[in-house]
There are 2 protein chains.
Amino acid sequence: MSIESTNTLVLTSRDVANIVGRVGCDYFMDEMIKRLQRAFEIYDPSRVTVPVRDGFHYSQPQTGLLEWMPIHQHGRGVLVKMVGYHPHNPIRHCLPTVLSAFSLFDTSTGRLLAFVDGVLLTAIRTGAASAVATRLLARNDGGCVGIIGCGAQAVTQLHALSRIMSISEVRCYDKNPAVMESFGKRISSCIGDSPLLLSPTPEEVASESDVLCTATSVDVAAGPVFKFVSTREHLHVNAVGSDLAGKTELPRLLLEQSLVCPDFPEQAQKEGECQQLNADQIGPSLLQVAANPNHWRAATTRRTVFDSTGWALEDAVATELVMDLAVTLEIGTRMSVDSDISDPWNPYAEVAGDVNSEASQQQQTAHGALY
Amino acid sequence: MSIESTNTLVLTSRDVANIVGRVGCDYFMDEMIKRLQRAFEIYDPSRVTVPVRDGFHYSQPQTGLLEWMPIHQHGRGVLVKMVGYHPHNPIRHCLPTVLSAFSLFDTSTGRLLAFVDGVLLTAIRTGAASAVATRLLARNDGGCVGIIGCGAQAVTQLHALSRIMSISEVRCYDKNPAVMESFGKRISSCIGDSPLLLSPTPEEVASESDVLCTATSVDVAAGPVFKFVSTREHLHVNAVGSDLAGKTELPRLLLEQSLVCPDFPEQAQKEGECQQLNADQIGPSLLQVAANPNHWRAATTRRTVFDSTGWALEDAVATELVMDLAVTLEIGTRMSVDSDISDPWNPYAEVAGDVNSEASQQQQTAHGALY
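The rules we used
- Residues numbered from 1 in each chain as written.
- Chains lettered and ligands numbered in written order.
- Predicted model: local features only at pLDDT ≥ 70, side-chain atom pairs only at ≥ 80, totals over all residues.
- Heavy atoms only, no water.
- Least-squares fit on C-alpha atoms with pLDDT ≥ 70 in both.
- Pairing = 2+ DSSP bridges.
- Helix = DSSP H or I, 4+ residues; strand = E, 2+ residues; numbered from the N terminus.
- Axes fitted to C-alpha atoms, helices over the stretch in contact; angles between N-to-C directions.
- Contact = heavy atoms within 4.5 Å.
- Buried area = accessible area lost by both parts, 1.4 Å probe.
- Salt bridge = Lys/Arg side-chain N within 4 Å of Asp/Glu carboxyl O.
- Polar contact = N/O pair within 3.5 Å; in protein donor to acceptor, adjacent residues only side chain to side chain.
- Nonpolar A, V, L, I, M, F, W, Y, C, P; charged D, E, K, R; others polar.
- Buried < 20%, exposed > 50% of the residue type's maximum accessible area, 1.4 Å probe, protein only.
- Right-handed = clockwise from strand over helix to strand, strands pointing away.
- Phe/Tyr/Trp six-rings, centres within 6.5 Å; stacked < 30°, edge-to-face > 60°.

Visitor: Whenever I open this one, the relation of the copies chain B and chain A confuses me. Can you help?
Guide: What connects the two chain copies is a rotation about an axis and a shift along it. The transform that puts chain B on chain A rotates by 180° and translates by 0.0 Å along the axis, for an RMSD of 0.0 Å. Classification of the inter-copy transformation places it as that of a two-fold axis. Closest approach to the rotation axis within chain B is made by the C-alpha atom of W68 of chain B, at a distance of 4.2 Å.

Put into structure tokens, the structure is as follows:
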């Protein structure tokens, strides 16, 4: 990951939006899909360590969780994403359900190389992962895309799909009518002239879809988000909402009919749709499919499910992409977060420092009126 | 924790040094010791969740580790410290061995309230914890303080002790002669007129001390850092170096002679001096002693060891203290890290945003020539 100076690169949510805006949403998504597929193809588990994420789950002050998702790419650094899931955010706080922040560390020294807001990147990489899965597991003749849950993640799911398949129509459902009705405005640029149909039931969406995406905030133990119905024999589902023990979106019978491919099997068995299955009912991981697509080609004619719980490797690819562009476009702020150290043996060296020193004066100028 | 706005408070290493400098090292340390002791006394395990830290340990590109230390103070937020331990840093990179960064999250929404460099704060809170332990477990008539390992942590250990005991002399040892010889310059303000004696051996330090501090970067399996020798019957040891499986500093026989009080028993058995003991040889935690000091008063006449592996509760207290002062002194930078969100259902809302909007123009001004 290219770093120009010893300072920490800070990319706020606005910086990330500016980067994506400068190169264009389509270019950014295409590049993300391309890099992600490549990362899956060349993945070498002996060169990467990814623990199953862990975190705090709570019901007070309201339902939520804060988790850490770490990844060590040997010789390339450690990335830790802190991710929050607070389903009451949009209505109560006008904030996204999923907030996150990436910290990238240099494993030579432990220094913080970058601190990057992860809201948009998480939405994009989750969409990109579904696009990779859809390319590998769905029939390649396009068709109807169904969306159950029309929130923020659904926007990037549909955008990502629009980059890799021909969408003849979109059918969507959200239990919140206002969110369903405003969906068209949010995704108009993705679907061009194809019609968007608001479905009266999630079951109708499921039964009419060639590719289905579930991206809901269903409560723990309240799933599935649609009743088992007859679906197309080649249906491919990207199930992206499950990310908690007990939280699942799909009817168990549909899973049992399908080849279920988790992003991160160990995690999917704890938090994903795979919670509903025995180990012998779980198919290959998306990695295995990506590494040997010809072997799994026949799966495209049957029902398939990508069980997407979110994987730190995806975050690492997203961070590398946005940092590459930040350097090229000169967007972002470089801050001496941890680098103002003159004596590694004396933690008080800077405290006792001469306030008239050059470094100190520069700092005062940078902080302006605070001093 | 008082937050004035919805923006994230960022405190760099220089900001933290400025805050400590403005109030004075002694005031800051005294306040840290006072708040820490209070936090120990009122600790309610039903209101706080602290997992044992976890992380990545590696030998390439050089020996090091990066760990996450999370704490959930129910109703008060989640703090995650990312901490790096890279013992080659001072010589090879002119950086401290221990680098760290604190991220504080609001559990109502998952928003990032503060991002704070942790190098100085970690050193201070580790010193303050030893001061609390020394006050509870050592004879209160002062005497000779021994220091084995004269690096950055030793400076704040000695500073903290100087605030709670009368130091008649300091004996120190470091296997790096240059680090030992420069120690006096770093700690002169802590010890006033008391003599600093450079010892030829760590055993001499151990045998002559009333209070001993070990703060070394001894390699895994290379301990102890001094051979078992006869020590004072009331010796109190603050062992702060152990923080890795297999890394220990004290001779096992000394531990067996002593009442050993860990900061965080579960972690100390994995990473601290307690690794060398059976469960029935481990004494009360420092919390238990702090909650009932009279019950443990007799321990002050015998050998005692504070097994300090570093505890996220200490980091939470340090973060709260520095944030309180940052607000009062108006030091630090407020950044919209994750708060430029106009539509929680549309991750692209800011990408597509009108570049002539007021918010966008303000951002361009703030980033100046980058645009």
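There's more to say after this.
Visitor: Could you clarify how one ought to interpret the sheet that holds strand 9 (residues 167–173) of chain B in this entry?
Guide: Strand pairing within a sheet occurs via backbone hydrogen bonds; the two strands may be parallel or antiparallel. Residues and elements named next belong to chain B. Overall, parallel pairing links the seven strands, which are arranged 10-9-8-11-12-14-13 in an open sheet. Bordering the open sheet on either side are strand 10 (196–198) and strand 13 (259–262), each of which pairs with just one other strand. Strand-to-strand twist of the sheet, defined as the mean angle between neighbouring strand axes without regard to direction, takes the value 15°. As judged from the four bridges shared by strand 8 (residues 143–148) and strand 11 (residues 211–214), these two strands associate in the parallel manner. Bridging across to strand 11, G146 finds its partner in L212. Running at roughly 165° to strand 10, helix 6 (residues 177–191) makes contact with strand 8, strand 9 and strand 10 of the sheet.

Visitor: Could you clarify how one ought to interpret the environment of V322 of chain A in this entry?
Guide: All names here are of chain A. Summarising the element assignment, V322 is placed in helix 11 (residues 312–329). A C-alpha to C-alpha distance of 7.4 Å links V322 and I19, two positions 303 residues apart in sequence. Setting aside residues up to four positions removed in sequence, V322 forms contacts with L11, V16, I19, F28, V116 and L121.

Visitor: Looking at this model, I keep getting lost on the interface of chain B and chain A. Mind explaining?
Guide: By a widespread convention, an interface's size corresponds to the accessible area lost as its parts come together. With 82 residues of chain B at the contact, the number on the chain A side is 82 residues. Roughly 7,500 Å² of surface becomes buried between chain B and chain A when both sides are summed, with 71% attributable to carbon and sulfur atoms. When the buried area of chain B at its contact with chain A is split by residue, R14, W345 and Y348 of chain B rank highest and sum to 12% of it. At the boundary of chain B with chain A, the tally comes to zero salt bridges. Applying the counting rule to chain B against chain A returns 14 residue pairs in polar contact (both at pLDDT 80 or more). For the side of chain B that touches chain A, a count of residues per class yields 44 nonpolar, 27 polar and eleven charged.

Visitor: How should I be thinking about the environment of L158 of chain A in this particular structure?
Guide: Residues and elements named next belong to chain A. Mapping L158 onto the fold places it in helix 5 (residues 152–164). Judged by relative accessible area, which is 0%, L158 ranks as buried. Dropping the residues within four chain positions of it, L158 is found in contact with V145, I147, I167, V170, F183, I187 and I191.

Visitor: What is the right way to read the pairing of strand 8 of chain B from this model?
Guide: A regular strand carries its side chains on alternate faces of the sheet. Most of strand 8 of chain B sits out of view: six of its six residues are buried. Once the chain exits strand 8 of chain B it traverses helix 5 (residues 152–164) of chain B before rejoining the sheet at strand 9 of chain B, and the crossover so formed is right-handed.

Visitor: Explain the packing of aromatic side chains to me, please; I cannot follow it from the model alone.
Guide: Both the distance between ring centres and the angle between the ring planes are used here to describe each pair of aromatic rings. The full count for this structure, using the stated rule, is nine aromatic pairs over all chains. When the centroid spacing of 5.9 Å and the interplanar angle of 45° are considered together, the rings of F264 of chain B and W311 of chain B count as tilted. Of the two residues, F264 of chain B is situated in the loop between strand 13 and helix 9 (265–271) and W311 of chain B in the loop between strand 14 (304–307) and helix 11 (312–329); the sequence distance between them amounts to 47 residues. Take F264 of chain B and W311 of chain B: they sit in the same class, and that class is buried. An aromatic cluster of at least three residues, connected via ring pairs, comprises F40, Y43, F264 and W311 of chain A.

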